[in-house]
Amino acid sequence: MTRLASLLGLCVFLLAGCRAAPDAPPGVVPLSARFDSLAQPYAFALPVLDPVEGVDGVRAEDCGRCHQTHYAEWRGSTHASALHDLQFQAEISKPDAPKWLCLNCHIPVGNQRDSLVTGLAGGDVLRPVARPNPAFDARMQAEGVTCAACHVRPDPATGRSVIVGAFETDRAPHPVRVDPAALRDVCRRCHDPQGEPLTRNLVCWFETYRELDEGRAALPPPLRSADCGTCHMPATRRRLAVGFDDLPLRTSHRHWWTGGGVPKTFGAYDSLLARGFTPALDVAWAGLDGVHGGDSLRLTLHLTNRNAGHHLPTADPERFLLALVSLHDAGGDTLATARLRIGQTWAWNPARKLADNRLRQGETRAWTATLPRPPGLLRGRLDVTVLHVRLTTPNARHMMAGAPAVDEALLPGGRRLVAELPAHYPFATYVYAASLDLATGARRVATPEELIARSKAEQRRPLPERVY
Ligand code: HEC
Ligand code: HEC
Ligand code: HEC
Ligand code: HEC
Ligand code: HEC
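Bear in mind that the values here come from a model prediction, so they are computed numbers and not experimental data. (Residues numbered from 1 in each chain as written. Chains lettered and ligands numbered in written order. Predicted model: local features only at pLDDT ≥ 70, side-chain atom pairs only at ≥ 80, totals over all residues. Heavy atoms only, no water.)

1. Side note on the sheet that holds strand 13 (residues 352-356)
Then comes step 1: Ordered by their spatial adjacency, six strands build an open sheet running 13-12-11-15-16-17, and the pairing between neighbours is antiparallel. In this open sheet, the two edge strands, each paired with only one partner strand, are strand 13 and strand 17 (443-445). On average, each strand axis in the sheet is inclined to that of its neighbour by 20°, with strand direction left out of account.
Then comes step 2: For strand 11 (residues 320-328) and strand 15 (residues 381-389), the ladder comprises nine bridges, and the chain directions are antiparallel. Directly across from Ala323, in strand 15, lies its bridge partner Val386.
Then comes step 3: The strands touched by helix 16 (residues 448-457) are strand 15, strand 16 (428-437) and strand 17; relative to strand 16, the strand with the most contacts, the crossing angle is about 115°. (Pairing = 2+ DSSP bridges. Helix = DSSP H or I, 4+ residues; strand = E, 2+ residues; numbered from the N terminus. Axes fitted to C-alpha atoms, helices over the stretch in contact; angles between N-to-C directions. Contact = heavy atoms within 4.5 Å.)

2. Brief notes about the coordination of the iron atom of ligand 5
Then comes step 1: Taken together, the protein donors to the iron atom of ligand 5 comprise His232 (NE2) and His310 (NE2), at separations of 2.0 Å.
Then comes step 2: The coordination sphere of the iron atom of ligand 5 comprises six donor atoms, whose angles at the metal cover 88 to 179°; the geometry is octahedral. Of this pair, His232 sits in helix 12 (residues 228-232) while His310 sits in the loop between strand 10 (296-305) and strand 11, placing them 78 residues apart in sequence.
Then comes step 3: Judged by its relative accessible area of 15%, His310 falls in the buried class. (Donors = N, O, S within 2.8 Å, 3.2 Å for Na, K, Ca; no water. Tetrahedral: all angles 85-135°; square planar, octahedral: opposite > 155°, others 65-115°. Buried < 20%, exposed > 50% of the residue type's maximum accessible area, 1.4 Å probe, protein only.)

3. So, the site of ligand 4
Then comes step 1: Among the 20 residues in the neighbourhood of ligand 4, the closest are listed as Cys147, Cys150, His151, Ser252 and His255.
Then comes step 2: One of the side-chain N or O atoms of Arg184 is found 2.7 Å from an oxygen atom in ligand 4.
Then comes step 3: A distance of 2.4 Å is found between an oxygen atom of ligand 4 and a side-chain nitrogen or oxygen belonging to Ser252.
Then comes step 4: Among the secondary structure elements, those contributing two or more residues to the shell around ligand 4 are helix 4 (68-75), helix 8 (147-151), helix 9 (180-184) and strand 8 (250-253).
Then comes step 5: In terms of residue class, the shell around ligand 4 is made up of 11 nonpolar, eight polar and one charged. (Near = heavy atom within 4 Å. Polar contact = N/O pair within 3.5 Å; in protein donor to acceptor, adjacent residues only side chain to side chain. Nonpolar A, V, L, I, M, F, W, Y, C, P; charged D, E, K, R; others polar.)

Structure (structure tokens):
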């Protein structure tokens, strides 16, 4: 009997070898056999979470009843718009997008998914096998990277939802598990998916943690032990909830996650500075020749990654900095321009990195822009502008052409919004602008407020006139 059982066991084991698991239908490879759950956590949605005891729910809006300031900060963040991002909507509608996998980082919690992927037909990431999800919550789906994505996990013993926190408190009306290290490292799940190329064009293939670790030594001493939260969740003192008597003031962390300063709506520019945006780039004029004679003007700029804890720019491979130097006559007409692109260069289909000239931590790039100088030029101006570009005009046109495929179940009205992309979605932000009056030698550098106003004004600029 024992022998028979072990023989049967061996058969199952062998079958499992062919089909990856005993209980999967033929030809279906379970996710757990295809991906390593520790090294590739993004291949797995977080589990369906029960309502948190004492909260009566698990949506961000439920947390927001008490944690009003955290909620307000999060609402204005890119995390909260991770599903409704128009570029995201356009990209997941492409036939070659492994949509389920994209959703694992942009709407990661089981409750946010109308169906749950259990395996892959033939192991192919483009052929997910899913079952309907009775716990689907459409309101929570719209919350993108919601509070629970970072803060709520099932208790391993009971399966009941607990809140992961960073300090001991006896004041919380909900269960708390104190695990500061896990909480602060939660970013890794989504912001560091380095690994195998999953499809011919899988985007979101960033290595921000590796960049941080390899370049730590170049950071100013107080930042050498920084993690993502040190810079992206700055500390402040405040009470953590409303509606409770005598809560102590505590060290708390802003839930802004301000990054490269290209927000997802034009309206969001209005709060960008209040949300702590400071571009990492420092621009210094290091030399200028040829203003008073000769046949060329030569301006040397020093471009420094002053305070990013990683490459500038990091993350999405399509982001880049665009530095432009232009010479204008007294009437304002453009006489000559020079440009420098700082970013990664990829070839697509299959995706391959061809070049990468991003600025490492603390690195300075010297760039000399040489412009032909028309004879007799005495008056006029020399402009320097730098943009952080997230989306180029050609890529935007490509997305707009795909608008009819947008899934309106995920974003009501999404087809029209993507078709009218330039009116709704900022492509780039001005991070530096300065102007030199050639006659007087006076130089004026734009204030942060002026840069915001210029960035907002791009909304009305027709695509053919955009420089990126
Ligand atoms: C491993 C987690 C992960 C997966 C999987 C993932 N993303 Fe992302 N995505 C991110 C993170 C983190 C960012 C923010 C990085 C940034 O803003 O540069 C992001 C940003 C984006 C953006 C905005 C880019 C920008 O520059 O603002 C788009 C569009 C996007 N993702 C599309 C997709 C698509 C399409 C897929 C599936 C093919 C996908 N993502 C899969 C984590 C992921
Ligand atoms: C009914 C009010 C209420 C609701 C709803 C609520 N909280 Fe809390 N929460 C509190 C109070 C009060 C504290 C304790 C504050 C203190 O000790 O200063 C707290 C503490 C916390 C802490 C810190 C715990 C620690 O030990 O570090 C986190 C994180 C937290 N809540 C997250 C959430 C999340 C996420 C939700 C939604 C799923 C939520 N809370 C819903 C009232 C609430
Ligand atoms: C569940 C996945 C997930 C986790 C966990 C996560 N992020 Fe994100 N994060 C995203 C996605 C997706 C985006 C981009 C959304 C978009 O562009 O639409 C993003 C955007 C950002 C941005 C904004 C980039 C920009 O320029 O607007 C910053 C900064 C950021 N995250 C920092 C963090 C930090 C710090 C942590 C950890 C405390 C963290 N994230 C945890 C998925 C995640
Ligand atoms: C992208 C991940 C992420 C998301 C989303 C997120 N938090 Fe947090 N939260 C953190 C981290 C990390 C900390 C802890 C920082 C520390 O103490 O080291 C934290 C801390 C807290 C604290 C403790 C006090 C403080 O400010 O440090 C509260 C309360 C809290 N979060 C509530 C919320 C609420 C409410 C939401 C949704 C509206 C939310 N969080 C969304 C990552 C996140
Ligand atoms: C020393 C401070 C610092 C640390 C540490 C840091 N960042 Fe940043 N990060 C910045 C600054 C400053 C920017 C704005 C860069 C710019 O001007 O575009 C930024 C931008 C970003 C962006 C937007 C893309 C871009 O290049 O603008 C993402 C995404 C991001 N950070 C994620 C992370 C993650 C994930 C970690 C942890 C692995 C992290 N950051 C650690 C300072 C930091």
